[in-house]
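The primary structure of each chain is shown beneath.
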Amino acid sequence: MVQALNDALRDEMKRDQRIVLLGEDIGTVGGVFRVTKGLHEEFGENRVMDTPLSEGGIIGCAIGMALNGLVPVAEIQFSDFIFPAYDQIVNELAKFRYRSGGDFVTNMVVRTPVGGGIRGGHYHSQHPEAPFIHMAGLKVVCPSNPYDAKGMLKAAIRDPDPVVFLEPKRVYRAAKGDVPDGDYIVPLEKASIVRAGKSVTVVAYGAMLYEALDAATRAEEHGVDCEVIDLRTLWPLDLETIVASVKHTGRLVVVHEAPRTCGLAAEIVTLITEKAFYYLQAAPVRVTGFDTPFPYALEMEYLPLSHRILPAVLDTVRASP
Amino acid sequence: MVQALNDALRDEMKRDQRIVLLGEDIGTVGGVFRVTKGLHEEFGENRVMDTPLSEGGIIGCAIGMALNGLVPVAEIQFSDFIFPAYDQIVNELAKFRYRSGGDFVTNMVVRTPVGGGIRGGHYHSQHPEAPFIHMAGLKVVCPSNPYDAKGMLKAAIRDPDPVVFLEPKRVYRAAKGDVPDGDYIVPLEKASIVRAGKSVTVVAYGAMLYEALDAATRAEEHGVDCEVIDLRTLWPLDLETIVASVKHTGRLVVVHEAPRTCGLAAEIVTLITEKAFYYLQAAPVRVTGFDTPFPYALEMEYLPLSHRILPAVLDTVRASP
Amino acid sequence: MLMPEMSEETEGERVAISARGSLLQVLREDGTLDPDKNPDIEDLDLLRAFRQMVETRFLDERLTRLQRQGRIGFHVGCLGEEAAIIGSALALQTEDWIFPCYREFGAALLRGMPYQSFIDNLYGNANDTAKGRQMPDHYTCRDAHWVSISSPVGTQINQATGFAWASKLKGETAVTLVYFGDGATSSNDFHSGLNFAGVFKAPVVFLCRNNGWAISVPYESQTASPTIAHKGQAYGVHAVRVDGNDLFAVYRAVRDAADRARAGHGPTLVEALTYRMGGHSTSDDPGAYRDAHELEPWQQRDPVERVRHYLMDHDMWTAADDAALDAELEKRFLAAVEAAENTPQPEVDTMFDDVYEKLPWHLREQREQVRRGRRPFKGGG
Amino acid sequence: MLMPEMSEETEGERVAISARGSLLQVLREDGTLDPDKNPDIEDLDLLRAFRQMVETRFLDERLTRLQRQGRIGFHVGCLGEEAAIIGSALALQTEDWIFPCYREFGAALLRGMPYQSFIDNLYGNANDTAKGRQMPDHYTCRDAHWVSISSPVGTQINQATGFAWASKLKGETAVTLVYFGDGATSSNDFHSGLNFAGVFKAPVVFLCRNNGWAISVPYESQTASPTIAHKGQAYGVHAVRVDGNDLFAVYRAVRDAADRARAGHGPTLVEALTYRMGGHSTSDDPGAYRDAHELEPWQQRDPVERVRHYLMDHDMWTAADDAALDAELEKRFLAAVEAAENTPQPEVDTMFDDVYEKLPWHLREQREQVRRGRRPFKGGG
Ligand SMILES: Cc1ncc(C[n+]2csc(CCOP(=O)(O)OP(=O)(O)O)c2C)c(N)n1
Ligand SMILES: Cc1ncc(C[n+]2csc(CCOP(=O)(O)OP(=O)(O)O)c2C)c(N)n1
Ligand SMILES: [Mg+2]
Ligand SMILES: [Mg+2]
């Protein structure tokens, strides 16, 4: 996925002179995960800028640049470190268009690696989509594979609204997939049905998609046929696709790494009860990170891996009034 | 409610020398809403401290004080301005006990006025409970009346965990209620059933409780008998009380001012589908602020007032498979 | 050269705010201009600035009255700070940009924001450029190169740095000026704004209106730094300290700072030393925390009177001009207020616009819900 | 008196990092101590410090090896910064407190953190004081007055100010020292930490290890301030700049700063000028961004060798001592690693402890879910 993101940035920067990158250690080193590798060399220090150690400064300056007609793509080194910029993101970036009556807009992207499973422990593993989704005005996306990563990053850069672009670091190097050279877009409106099925709808995204797929494979052995949806865009999400699926399967499991309470799974479950209540044959189920800070040694117990998804899937299917 | 909060602070400060207050303009002026009025005079500048204009500094310093055995009660002037301290609150305060294996704990309270309806517009009206609830480690509370405000603030100060104490500013002066002198506690575990009923459970908190009650009164005219629950403690919430009520009424409406998506209502609806799915006779309904930034001129259209709660209640009761 | 002598202050010393010290002044006590520092403002510009200062003061008084009458919800004025605000705006070019704080409507009007637009914003009506979404005094005006105003203190500062930095990256000559108060120097965004500007030599002018107060918190409780200008050092940012009640000095300092920035020499922090003569806003009663006597020395340094005297001494202004201006201001004001009050509030539908460029499904649904109206009973809630 | 001459620097000048300039030095090139500045460290303390410096370096080397072997996940070392770290800790009293950054395990051991406890933390095993919740090098030790370590850069700085401020409010004499790097001076919490400390005269010592780099970002790209010490000015905070590779100088500066704080004279910012000789951590390859030649002058100033020479010159240390120490270090290390590797990982149940003091219903439920085990199949997922 790292290479796909790198390709997307290079392509877009060639296409559009207004695009600039800024962040910590993104220059010579190419970022701690090497997503911007080679771009500093290729585009120079006026397009790829190493900044001082201030996430608030990065986002505040990027907003200013966007207001001045550039298209900044800011990198936050780990999403655990995005919170010093939370005020600039939710109170400024998210509200600029609204509060100025459309007079001032900010076309920009905030990229940041998310999630656990790389022994990053407490402060290199968080997956904080919900606090950005809740505060109106942002688009929040999270690709699960290289193909989508490239197409969605391009779409995010071209999108007129600010986009928070979450990169699941557990699959930075792991997830394979054919990535075509050249230009293509994966639109930010559509989820993708990565496995068709009729027993239960499983919604997942990012690194947990693979866990959902693994659980689906194992469920087959139990005669359960999962439909797995890769959400891709977390907000505004593709509700139509999920509703259609649930109307078909009558059952829903939502998976995410972030803590359970007030997470995106609660939103999806609630939307489905609102839109398809009478189609539901069992209570929707959440399989998520626990409501604890992220642990180091026990991260594989914390994450909602396949071994936790499978029983949820089976229970849901077996449940009956 | 302002007076009740002031009483609680005075009582507790007399009882326990470790309690100190810090915040912007809380000294001579007694805070922009006068909650700390007279305390600077009474307890002196070593107990009531006006700080420089930095919410991050206020919370960071308060954490340090708490680690050193004081019990700080920090005031953030408006909750719209709490975000510069978001990092210190969710990444430090919420995680201190956990990350230190219980070696370091922080007994402290963050007080902040929340909510709209006072013509505060875009940046003096937000109600940001969800972003604090989602990040594990905090208790989040929101009293609706003076009696609870006093008893819950005392409980929060004595609580060994960090508490985010949200004060609904629309009822700072409006909400009346007998507040006994002297010491009493309202425990942070219990919701309160403020109106018993059998047709539908309405969960609300803070200023919106009064709207829910108003809607309940009007619903009566339509032959609908609402049970209204004042949540009081938003997290960890009193699920038992809500579940018992819904098992009884079979219907649920959740009301809050904050934007809908990934808000607390989604969590409550999801918890109820998890705990009482087969008791639900209709899809639970949310009546909330809209997914827009907070508007000034149209705030009474934005807020989930009685006129929006009532139809939701009636629709829910009339709904059938 | 305008740098305060940093070495003069001794360790730990708290310098009380005073208009003395190593302060740039141009308009001297005797009413003449210091010839060495005279920025040679064109007569027409000077008159334009003066009229704007008078109008600003007029509006502060009248808007406070409207607020007291309950006709507008709020106003945040700039009594005593007119020179710092108008002098700085006057020193910029049309191509330059301003990131405002909340007290500088005089500068916005000077830069061409339509008067009616300002008044409409105070009413949050359907013609308000901010579409009634923000409190009064939070207008926006792209044509005046005036960025949307935010209430949270300090957030505009690093945005201004980024904006200026972008001008530099694009090879443009526009300079960005950002307003903020002494309290805002404690904010996160002041810190990163100045730090990034220093590192990237962004063409930005940081204009701190040091008016001695952040609501009820006096300068000495805001920072132990002897002056705001000293803070520039921490970022390698050039800093100057000027008499903020001296229109000529403010103009000079900002013009020089803008020249430096335009020439590629990077940012400047300008500390304009002034005093907040009124309450923080119409919601504030300064009697609760400060002694009225404190105002007296500052009344002697009234920025508007100082310019009026200068103009009268130089036969550029007469008492008759005052009377004519008063009448003009009154007339314009009444007409604008009447128009604003006759304009309805924004349509409910507009609440859902501008969250995103296009309305997504969930906002379409929420708008639909509101459109269905106040069911099932009318007039309730 | 230890204040750098602020007025010396001219506007906009970028001073490259050098061990020269207005820098406090005690241990001179010829191996003698400057008699005017000699802090008179007791022999026993000096030997204790030296042994800790040697052990620190030993551990850095061995832990890096463990990481390469995949036996621990990560290590963040302090090669070249031993004097700044050990000298500062040595200058404190037992009652004093430390808010660490992530590179100062040498100081924690000097202050009495149990050795095994440090090694257990690297393994995140059941005996780890942080209960295996944090990455390696994020231990905690209340007994050593050592606060829990956080990864986010800078957050400990204003916490330290608050902690020190509380000591003052309680009338206690303890001083708080906080470690951070040059990169951390750009953080929000540096800004408010120093500002609040200046205003409230908190008894805190801000110890900035200026090691020239924040991962790949060099000092010149971090700030345009000529030195870190200059930043004290912005907050009215006393500042000193010392040779961070000189154990005696660091000790002297911190002892003086702590004395000042204890005497009620408020905070001091100590800039310890040093150099990060290794990678940022075991995850980093500095070859990607810096020239190895840059290290050469710093090799000449090796902080451990300088003390060793001094001790040998003064007949306090011999080659035989070196050998004995090596053997001792080796033995202790191997025993501790063995013990750590034989300790299981924390029980799954512990994952839910310490979120709150008492387990609330939702965590009880979640724990129950985990306790039920990996249903319905074993060994999967
Ligand atoms: C982040 C934030 N915290 C608190 C406030 C409340 N507040 C509004 S103005 C103000 C004082 C600002 O003082 P200063 O920066 O000196 O500007 P002045 O009002 O004096 O022009 C405060 C505390 C706010 N708007 N934003
Ligand atoms: C808020 C935050 N942003 C980014 C990081 C990633 N990071 C870890 S250490 C570091 C550099 C710190 O440099 P410095 O403060 O000079 O300390 P040093 O490592 O040199 O001792 C960075 C960018 C982080 N941990 N926290
Ligand atoms: Mg001020
Ligand atoms: Mg460093």
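Residues numbered from 1 in each chain as written. Chains lettered and ligands numbered in written order. Predicted model: local features only at pLDDT ≥ 70, side-chain atom pairs only at ≥ 80, totals over all residues. Heavy atoms only, no water.

Thoughts on the overall build of chain A
Stated precisely, the cut-off is as follows: A run of DSSP states H or I qualifies as a helix once it reaches four residues; a run of E qualifies as a strand once it reaches two. Both are numbered from the N-terminal end. Restricting the calculation to C-alpha atoms gives the radius of gyration, and the globule rule supplies 2.2 Å times the number of residues raised to the power 0.38. Exposure classes here rest on a 1.4 Å probe applied to the protein chains alone. A residue is buried below 20% of its type maximum, exposed above 50%, and partly exposed in between. Pairs of residues are marked as contacts when any of their non-hydrogen atoms sit within 4.5 Å. Accessibility throughout is a Shrake-Rupley quantity obtained with a 1.4 Å probe, and a residue counts as covered only by protein chains that appear here. Here Asp and Glu are counted as negative and Lys and Arg as positive; His is not counted, and neither are the chain ends. Lysine's charge is taken at NZ, arginine's at CZ, aspartate's at CG and glutamate's at CD.
When helices and strands are counted, chain A shows 12 helices and 12 strands. A globule of 321 residues ought to have a C-alpha radius of gyration of about 20 Å, and chain A, at 19 Å, matches this closely. Here chain A, with 321 residues, has 78% of them falling under the buried criterion. For chain A, the proportion of contacts with a sequence separation of at least 24, taken over those separated by at least 6, is 81%. Taken as a whole, chain A presents about 7900 Å² of accessible surface, with 49% of it coming from carbon and sulfur. Between the centroid of the 32 positive side chains of chain A and the centroid of its 41 negative side chains there is a distance of 3 Å.

Some details on the relation of the copies chain B and chain A
Cut-off, in case you're wondering: When the copies are superposed, the least-squares fit takes in the C-alpha atoms of residues with a pLDDT of at least 70 in both.
Turning chain B through 180 degrees and shifting it by 0.0 Å along the axis lays it on chain A, with an RMSD of 0.0 Å. As the rotation angle and translation indicate, the two copies are arranged about a two-fold axis. When the interface residues of chain B are mapped onto chain A, 100% of them are again interface residues, pointing to one common binding face.

Side note on the side chain of B:Gln77
In plain terms, the rule: Polar contacts, as used here, are pairs of N or O atoms within 3.5 Å; protein pairs need one atom able to donate a hydrogen and one able to accept it. Residues neighboring in sequence count only if both atoms are side-chain atoms.
With respect to the helices and strands, B:Gln77 occurs in the loop between β3 (71–75) and α4 (86–92). Within polar-contact distance, the side chain of B:Gln77 engages the backbone oxygen of B:Glu24 at 3.2 Å. Reaching out from B:Gln77, the side chain makes a polar contact with the side chain of B:Asp25 at a distance of 2.9 Å. Beyond its immediate sequence surroundings of up to four residues, B:Gln77 is in contact with B:Glu24, B:Asp25, B:Val32, B:Phe33, B:Pro113 and C:Ile215.

Side note on the domain arrangement of chain C
Note: interface size is frequently given as the accessible area lost on complex formation between the parts. Using the following cut-off: Residue ranges assigned to the domains are those given by an automatic or database domain assignment.
Domain annotation for chain C reports domain 1 (18–345) and domain 2 (349–379). The centre of domain 1 of chain C, based on its C-alpha atoms, is set 38 Å off from the matching centre of domain 2 of chain C.

Here's the deal with the coordination of the magnesium ion (ligand 3)
Selection criterion: Donor atoms: N, O and S within 2.8 Å of the metal, or within 3.2 Å for Na, K and Ca. Because water is excluded, sites can look incomplete.
Protein coordination of the magnesium ion (ligand 3) is provided by C:Asp182 (OD), C:Asn211 (OD1) and C:Trp213 (O), with donor distances spanning 2.1 Å. Within one chain, the residues donating to the magnesium ion (ligand 3) are spaced in sequence as D-x28-N-x1-W.

Remarks on the coordination of the magnesium ion (ligand 4)
Residues and elements named next belong to chain D. Coordination of the magnesium ion (ligand 4) by the protein involves Asp182 (OD), Asn211 (OD1) and Trp213 (O), with metal-donor separations of 2.0 to 2.1 Å. Between consecutive donor residues of the magnesium ion (ligand 4), the sequence gaps follow D-x28-N-x1-W. Taken together, the positions of Asp182 in the loop between β2 (176–181) and α6 (188–200) and Trp213 in strand β4 (residues 213–214) put the pair 31 residues apart, joining distant regions of the chain. Accessibility expressed as a relative area gives 1% for Asp182, which makes it buried.

As for the side chain of B:Lys139
Inspection of the secondary structure assignment puts B:Lys139 in strand β5 (residues 139–141). There is a polar contact of 3.1 Å between the side chain of B:Lys139 and the side chain of B:Asp161. Residues contacting B:Lys139, with those up to four places away along its chain left out, are B:Asp159, B:Asp161, B:Pro162, B:Val163, B:Val164, B:Trp235, B:Pro236 and D:Tyr356.

Details of the pairing of strand β11 (residues 252–259) of chain B
Note on strand geometry: in a regular strand, side chains alternate between the two faces of the sheet. All names here are of chain B. Put simply, the rule is: Strand pairing follows a simple DSSP-based rule, namely that at least 2 bridges must link the two strands. For a crossover, the right-handed case is the one in which the path from the first strand over the helix to the second runs clockwise, viewed with the strands pointing away from the viewer.
Judged by how many residues are buried, β11 sits mostly within the fold: 8 of 8 residues are covered. Pairing between strand β8 (residues 200–204) and β11: 3 bridges, direction parallel. Bridge pairing links Thr201 to Leu252 in β11. One ladder, built from 5 bridges, connects β11 with strand β12 (residues 285–289); its direction is parallel. Each bridged residue has a counterpart across the sheet, and for Val255 the counterpart in β12 is Val287. Handedness of the crossover joining β11 and β12 through helix α10 (residues 264–276): right-handed.

Some thoughts on the sheet that holds strand β10 (residues 233–235) of chain B
Residue and element names in this part refer to chain B. Note the cut-off: For helices, the fitted line uses only the C-alpha atoms of the stretch in contact; every axis is such a line through C-alpha atoms, and the angle between N-to-C directions lies from 0 to 180 degrees.
Read from one edge of the open sheet, 7 strands run β2-β1-β3-β4-β6-β5-β10, paired in mixed fashion. For this open sheet the edge positions go to β2 (48–50) and β10, each flanked by a neighbour on one side alone. Sheet twist, expressed as the average angle between the axes of neighbouring strands with direction ignored, equals 20 degrees. Set on the sheet, helix α7 (residues 146–158) makes contact with β1 (19–23), β3, β4 (109–114), β5, β6 (163–168) and β10; between it and β6 the angle comes to about 165 degrees.

Concerning the interface of chain B and chain A
The condition is simple: Here the buried area means the combined drop in accessible surface, using a 1.4 Å probe, for two parts upon being joined, counting both sides. By definition, a salt bridge exists where a carboxyl oxygen of Asp or Glu is found within 4 Å of a side-chain nitrogen of Lys or Arg. In this count, Pro and Cys sit with the nonpolar residues alongside Ala, Val, Leu, Ile, Met, Phe, Trp and Tyr, while Asp, Glu, Lys and Arg are called charged and the others, Gly among them, polar.
With 50 residues of chain B in contact, the opposing surface of chain A contributes 50 residues. Of the roughly 4400 Å² buried where chain B meets chain A, counting both sides, 64% is carbon and sulfur surface. Our count for the chain B to chain A interface comes out at 4 salt bridges. A salt bridge links A:Glu274 to B:Arg286; the shortest N-O distance between them is 2.7 Å. Scanning the region where chain B abuts chain A turns up 23 residue pairs in polar contact (both at pLDDT 80 or more). Mapped by element, the contributors of at least two residues to the side of chain B that touches chain A are α4, α5 (96–99), α6 (130–133), β11 and α10 of chain B. Looking at the side of chain B that touches chain A, the element that brings in the most residues is α10(B), giving 8 residues. Class assignment for the residues of the side of chain B that touches chain A results in 29 nonpolar, 11 polar and 10 charged.

Remarks on the site of ligand 1
What counts here: Definition of nearness: a residue and a molecule or strand are near each other if at least one heavy atom of the residue lies within 4 Å of the molecule or strand.
By nearness alone, 20 residues border ligand 1, and B:Glu55, C:Tyr102, C:Arg103, C:Gly183 and C:Arg209 come closest of all. Site remark: ligand 1 is flanked by residues from chains B and C. Note that an oxygen atom of ligand 1 is positioned 2.6 Å from one of the side-chain N or O atoms of C:Arg103. Measuring from a nitrogen atom of ligand 1, one finds a backbone N or O atom of C:Ser151 at 3.1 Å. Notes on ligand 1: free accessible area 580 Å², of which the protein chains cover 96%. A class-by-class count of the residues in the shell around ligand 1 yields 9 nonpolar, 6 polar and 5 charged.

Overview of the site of ligand 2
Neighbouring ligand 2 are 20 residues, the closest being A:Glu55, D:Tyr102, D:Arg103, D:Gly183 and D:Arg209. Close to ligand 2, residues of chains A and D are found. D:Asp182 places a side-chain nitrogen or oxygen 2.8 Å from an oxygen atom of ligand 2. One of the side-chain N or O atoms of D:Arg209 is found 2.8 Å from an oxygen atom in ligand 2. When ligand 2 is considered free in solution it has 580 Å² of accessible area, and contact with the protein chains removes 96% of it.

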